[in-house]
Amino acid sequence: MGRFVVFEGGEGSGKSTQAALLARRWGAELTFEPGDSEVGARLRSILLDPATGHLDPRAEALLMAADRAHHVATRIRPALNRGRDVVCDRYVGSSIAYQGYGRELGADAVGALSAFATDGLVPDLVVLLHVEPEVAASRLAAAGAPDRLEAAGDEFHRRVASGFLHQAAEDQERWVVVDGDGSVDEVAERATAVVNARLPDPVAGP
Ligand code: TYD
């Protein structure tokens, strides 16, 4: 089995950049949720296009879970089974933070839905990139028109941020919080240090 690492964080946390850097360093498969499959791309456009308008929170959670189920079954698990390392940009932690805390569906309900979707596949390590709301806001302002979830409001995003920190505090064996403030190189140095400490490179065979 390959190693499975997930990057999590709120909007503007820089996790996509850091996930890509780790994947390059490891020669790992880089993937993301929602949307990194043909079916997923269609679900993603429903989920993120502002033109979708209001989506019932349970429907939103179920569509995220549908994307995840298909993604795990068709991409992540097969890659891990081939011995490939996989780096994923967002996973179960995002559903618990955004739908569980942000949409207030509850961490337990959303966690149960994700456990069904993934058939129990949990990452070896979750790196949470944490940035203060002001830093995230200034990065986002530079990023263009907000998608449906980015546009969900400050209160929503505060709940999301606290949802991420709660999960990290509750599962310190699997989660590690990295300060996402600073340049790409500075954050990469911090992320590399924690990944190396938690998941040392496999010892080369004889
Ligand atoms: P994306 O463009 O991939 O954003 P980012 O660069 O911030 O990762 O958009 C993904 C959006 O979907 C983001 O707002 C978080 C949200 N999301 C959920 O609400 N629940 C989930 O389970 C996942 C995977 C993502």
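See above for the structure.
Below you will find a few notes about this structure. This structure is a prediction, so every number in the text was calculated from the model and none was measured.

Cut-offs used in this document
- Residues numbered from 1 in each chain as written.
- Predicted model: local features only at pLDDT ≥ 70, side-chain atom pairs only at ≥ 80, totals over all residues.
- Heavy atoms only, no water.
- Pairing = 2+ DSSP bridges.
- Helix = DSSP H or I, 4+ residues; strand = E, 2+ residues; numbered from the N terminus.
- Axes fitted to C-alpha atoms, helices over the stretch in contact; angles between N-to-C directions.
- Expected span 1.5 Å × (residues − 1).
- Buried < 20%, exposed > 50% of the residue type's maximum accessible area, 1.4 Å probe, protein only.
- Arc of directions from axis to C-beta.
- Contact = heavy atoms within 4.5 Å.
- Core = buried A, V, L, I, M, F, W, Y, C linked by side-chain atoms within 4.5 Å.

## Structural notes on the sheet that holds strand β1 (residues 4–8)
- The parallel open sheet is built from five strands, whose spatial order is β2-β3-β1-β4-β5. Two strands close off the open sheet at either side, each with one partner strand: β2 (29–32) and β5 (175–179). Across the sheet, the mean angle separating the axes of adjacent strands is 20° when strand polarity is ignored.

## Some remarks on helix α1 (residues 15–26)
- An ideal rise of 1.5 Å per residue puts 16 Å on 12 residues; α1 measures up with 16 Å between its terminal C-alpha atoms.
- Turning to α1, its buried residues are K15, Q18, A19, L22, A23 and W26. For α1, the angular spread of the buried residues around the axis is 135°, confining them to a single face.
- As for α1, its buried residues are in contact with β1, β2, β3 (86–89), β4 (125–130) and α8 (184–198).

## A short note on the nonpolar core
- If you look at the biggest cluster of nonpolar residues, it comprises 27 residues, and the most contacted ones within it are F4, I76, Y91, Y98, L121 and F164.
- For this core, the secondary-structure elements that each account for two or more residues are β1, α2 (38–48), α3 (57–81), β3, α4 (92–102), β4 and α7 (154–170).
- Apart from residues no more than four positions distant in its own chain, F4 is found in contact with I76, L80, V86, C88, Y91, L121, V122, P123, D124 and L125.
- Counting 17 residues, the second-largest nonpolar core is a separate cluster that includes L125, V178, V187 and L199.

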